[in-house]
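Residues per chain, in single letters:
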Amino acid sequence: MLFTGMSSAFLRCEALPCCALALSAAVCASESPRYDPHSTSAAPCGVGIPPPGHQIPEVRPAAKNLTLTVRQDGKHLCYVAAGSADAPVIRVRLGSQLTVTLRNEITDPDAIDAVSGPAKLTAGNEPVPKRSGFYEVVPGMHHHASGATNLHVHGFAVPPVKPQDDVLTVCTDPAVGPARCGRRAFTYKYRVPANMPEGLYWYHPHVHGEVQAQMLMGLSGAIVVEGPQEDARRAAGIEERILIVRQTQDVDAGKTAASAMTAAMPSSVTEPGPMAAANAIDTAHELLCATSAGIDAISFNGTPVPLGDAPESALAHFSIAAGAVQFWRVLNAATDAFLDLALVDEGGKPLPLEVVARDGSALSDDAGVALPRGPTLQSQGVPPSGRIEFLVTAPPAGIKAYLITHAIDTGCAGDRLPERRLAVLTAGPAAVAPAAAPQFAHPDLFSGLLAQHTDAERVIAMAEYPRPGSEDQTDFYIVERKAGAVLRPYMMGDAPAITVSAGTTEEWVVENWTNELHAFHIHQVHFRVLEIDGKRIENPELLDVVNVPYATATGYHSAEGPIRPGRVRIKLTFPAALAGDIPFHCHLADHEDNGMMAVLRVLPGTSPHQQ
Ligand SMILES: [Cu+2]
């Protein structure tokens, strides 16, 4: 959570009184202008909101380049492709080049800045005091939105070097506003490796400091990377649905008294253990627990997701031929809303789904062999920026199934995430010949990761503190724990925090010392998650984003002191083909914008293990 005082609703129909969040989107839709995504000078991002269940247009830019023009209509930003402001699903083949020209037509950078405007505090926040044995905490940056934008292809195993996925030096200037990037357009040429995991990826802006605002205002879209798995799906006649959850608003929050804190404790009882003496994270001055003033608005393929007992007309309606299966690819493009997806019947009883892939990578063992697959009744967590792909069987005739996201506990400083219904599903007329689902996994460039020798281990800590001053803001930190480390919020142009040689393999323990859930993401490389809170994972998943559980209070006699951080152990390798400066950060976009980001420099060259 970030304490931004201004609450901003960006739903298209915000001017209509019917559009209070708790009311039905259907009522709202019926009173708003008919949806037309056509971009015009009068309506650069189109008019109206899409009807529930809206299918997003697709482009396959193999034959010609794709131009994505970022346009602005007041509080809205949009990617316009071929005249449509409905950010297209980009389909690209393994082993091919994806060429995208990004053009910046942003006209009012101040409207972007207004999205994260802080509120005034009655009593100012104090800096974290220097204490021996604890890392120094340097208070934060403030970024004034410039209207510059760029493109990140999330999850792509392409080099972080222009004209590929370089988000650190490439940007484009707005039509009106500062011209610091030196260009209004940039043509990205992504060479998609033939051995990249095949599946659902996505694109969004990555100008540090204004990622959250630009995403809330509308900038994100899906990418489907296709290869043999996709061929097998099509050959089997299995229909696909691409489903995108976006966030359109990040509400403000209020602080509670210190007595309500769970993880953080008064400094008088924070005696670091011997191990931590020279190497301790200050938890006494951490961000307090919060009372959230509201619930963030999310959308589902562009349609506002209702809260509570909304009429079914407000939901997306899907149907699957009786006896058949469909392949659903779900992208969580929300800026900080986690999802916990499940299929349930009208009584809330879970119905089976069959998970095929996460983060664009089919579930496989270290050799790239598909793990035994089967239906599960378990709900499926998807962090912000995460993807999940699963098979859905038609419900029995006469039974309605719902795609829901369960309520999620994000920690006492996190946002409120209630249960919400996303879609209703029924069986249609029987298929002529229901197809059997093919196997999806095959070896990729991350196969063999677990078998590799671990060259180094690191501990990476996440922390957050109220930003000193009279404004209600938070500084976020991600730092490698080592003697003499200093916690600084990341600012553009900062030197790499970690340098490694290409070809090396490492294990990182990512620690969360805060009262809220974070989502660790690293560009370019997928990693395997070995442990969560010390618990070994049986079949470590290949992911590009992972939840890091919030810290818990342990009492006063633990070897670690009174606070135990949430912990995730990951194993990752840095191929020479991906050498360069690789950002890693929390994918709660406001956390990243406000400092919880750092850069890993991968030097070209070979390691002793990969001659
Ligand atoms: Cu975070």
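Residues numbered from 1 in each chain as written. Predicted model: local features only at pLDDT ≥ 70, side-chain atom pairs only at ≥ 80, totals over all residues. Heavy atoms only, no water.

A. Region of interest: the overall build of the protein. Within the protein one finds five helices and 42 strands. Burial statistics for the protein: of 611 residues in total, 59% are counted as buried. For the protein, the accessible area works out to roughly 22300 Å², and carbon and sulfur atoms hold 55% of it. (Helix = DSSP H or I, 4+ residues; strand = E, 2+ residues; numbered from the N terminus. Buried < 20%, exposed > 50% of the residue type's maximum accessible area, 1.4 Å probe, protein only. Areas by Shrake-Rupley, 256 points an atom, 1.4 Å probe, with all protein chains shown as cover.)

B. Representation of the sheet that holds strand S5 (residues 97-104) within the structure. As summarised here, the arrangement of the four strands in space is S3-S2-S5-S9, forming an open sheet in which the pairing is mixed. The two strands at the open ends of the sheet, each matched to only one other strand, are strand S3 (76-80) and strand S9 (185-191). Sheet twist, expressed as the average angle between the axes of neighbouring strands with direction ignored, equals 20°. Bridging between strand S2 (residues 66-73) and S3 involves five bridges; their strand directions are antiparallel. Bridge pairing in S3 links Val 70 to Tyr 79. (Pairing = 2+ DSSP bridges. Axes fitted to C-alpha atoms, helices over the stretch in contact; angles between N-to-C directions.)

C. Highlighting the pairing of S2. Pairing of S2 with S5, which is carried by five bridges, proceeds in the parallel orientation. What sits directly across from Thr 69, in S5, is Arg 103. Connecting S2 to the antiparallel partner S3 that follows it, the hairpin turn spans two residues, and Gly 74 within it adopts a positive phi of roughly 65°.

D. Fine view of the coordination of the copper ion. Summarising the metal site, the copper ion is bound by the protein donors His 518 (ND1), Cys 586 (SG) and His 591 (ND1), whose distances to it range over 2.0 to 2.1 Å. The sequence pattern formed by the donor residues of the copper ion is H-x67-C-x4-H. In this pair, His 518 sits in strand S33 (residues 518-522) while Cys 586 sits in strand S41 (residues 580-586), placing the two residues 68 residues apart along the sequence. Looking at His 518, the relative accessible area reads 0%, which means it is buried. Residue Cys 586 is classed as buried on the basis of its relative accessible area of 0%. (Donors = N, O, S within 2.8 Å, 3.2 Å for Na, K, Ca; no water.)

E. Geometry of unusual backbone geometry. Along the chain, Lys 162 connects to Pro 163 via a cis peptide bond; the corresponding omega equals 10°. Inspection of the secondary structure puts Pro 163 in the loop between strand S8 (152-154) and S9. Positive phi outside glycine occurs at Asn 301, with the angle close to 50°. Tracing the sequence through the fold places Asn 301 in the loop between strand S15 (298-300) and strand S16 (303-304).

F. A look at the sheet that holds strand S18 (residues 325-332). In space, the seven strands of this open sheet follow the order S16-S15-S12-S18-S24-S21-S22, with mixed pairing throughout. Strand pairing shows two members of the sheet lacking a second neighbour, S16 and strand S22 (361-362), which therefore form its edges. Note that S15 and S16 share two bridges and pair antiparallel. Opposite Ser 299, over in S16, you have Pro 304 as the bridge partner.

G. The state of the cysteines, seen in detail. Tallied over the entire structure, the rule returns two disulfides. In this model Cys 45 forms its disulfide with Cys 78; the gap between the sulfur atoms is 2.1 Å. Between Cys 45 and Cys 78, the S-S dihedral sits near -85°, and the bridge is therefore left-handed. One end of the pair, Cys 45, is in the loop between helix H1 (25-31) and strand S1 (58-59); the other, Cys 78, is in strand S3, and 33 residues separate them in sequence. Cys 171 shares a disulfide with Cys 181; S-S distance 2.1 Å. Judged by the torsion about the S-S bond (-110°), the Cys 171/Cys 181 disulfide is left-handed. Of this pair, Cys 171 sits in the loop between S8 and S9 while Cys 181 sits in the loop between S8 and S9, and the two are ten residues apart along the sequence. The class for Cys 181 is buried, based on a relative accessible area of 15%. (Disulfide = S-S within 2.5 Å.)

H. Quick look at the nonpolar core. Grouped together as the largest cluster of nonpolar side chains are 105 residues, with contacts concentrated most on Phe 156, Phe 300, Trp 508, Phe 520, Ile 522, Phe 584 and Leu 600. Residues in contact with Phe 584, not counting those within four places in the same chain, are Ile 460, Ile 478, Ile 498, Trp 508, Phe 520, His 521, Ile 522, Met 597, Ala 598, Val 599 and Leu 600. (Core = buried A, V, L, I, M, F, W, Y, C linked by side-chain atoms within 4.5 Å. Contact = heavy atoms within 4.5 Å.)

I. Main features of the pairing of strand S11 (residues 221-226). For S11, the tally of buried residues reaches six of six residues, placing the bulk of the element in the interior. Burial along S11 is two-sided: Gly 221, Ile 223 and Val 225 and Ala 222, Val 224 and Glu 226, pointing in opposite directions, are all buried. Here strand S10 (residues 200-204) pairs with S11 via four bridges, running antiparallel. Along S11, the bridge assignment pairs Tyr 203 with Gly 221.

J. Seen up close, the packing of aromatic side chains. A full pass over the atoms with the stated rule returns 15 aromatic pairs. When the ring of Phe 156 is compared with that of Tyr 201, the centres are 5.2 Å apart and the planes differ by 90°; the resulting orientation is edge-to-face. Linking Phe 156 in the loop between S8 and S9 with Tyr 201 in strand S10, this pair joins segments that are 45 residues apart in sequence. Tyr 201 carries the same exposure label as Phe 156, and that label is buried. Here the aromatic rings of Trp 328 and Phe 390 are separated by 6.1 Å at their centres, their planes lie at 50°, and the arrangement is tilted. (Phe/Tyr/Trp six-rings, centres within 6.5 Å; stacked < 30°, edge-to-face > 60°.)

K. Quick peek at the environment of Pro 193. With respect to the helices and strands, the residue Pro 193 is situated in the loop between S9 and S10. Each C-alpha atom of the pair Pro 193 and Leu 94 lies 6.1 Å from the other, and the pair is 99 residues apart in sequence. In contact with Pro 193, not counting residues within four places along its chain, are Leu 94, Gly 95, Ala 157 and Val 158.

L. Focus on the pattern of salt bridges. The tally for this structure, following the rule as stated, stands at 33 salt bridges. Note that Arg 387 and Asp 544 form a salt bridge whose closest N and O atoms lie 2.8 Å from each other. On the criterion of sequence distance, the pair formed by Arg 387 in strand S24 (residues 387-393) and Asp 544 in the loop between strand S36 (542-543) and strand S37 (545-548) is long-range, its members being 157 residues apart. Judged by relative accessible area, which is 0%, Arg 387 ranks as buried. Because the salt bridges share partners, they merge into one network encompassing Glu 58, Arg 60, Arg 91, Glu 226, Glu 230, Arg 233, Arg 234, Glu 240, Arg 329 and Glu 389. (Salt bridge = Lys/Arg side-chain N within 4 Å of Asp/Glu carboxyl O.)

M. Up close: helix H4 (residues 228-235). Three or more residues of H4 are buried, namely Gln 229, Glu 230 and Arg 233. Each buried residue of H4 sits inside an arc of 95° when the element is viewed along its axis, so together they form one side. On its buried face, H4 sits against strand S4 (89-93), S11, strand S12 (239-247), S18 and S22. Of the residues trailing H4, Gly 237 is marked for its positive phi of about 70°. (Arc of directions from axis to C-beta.)

N. View of the environment of Val 548. With respect to the helices and strands, the residue Val 548 is situated in strand S37. Along the backbone, Val 548 and Ala 519 are 29 residues apart, and their C-alpha atoms lie at a distance of 5.8 Å.

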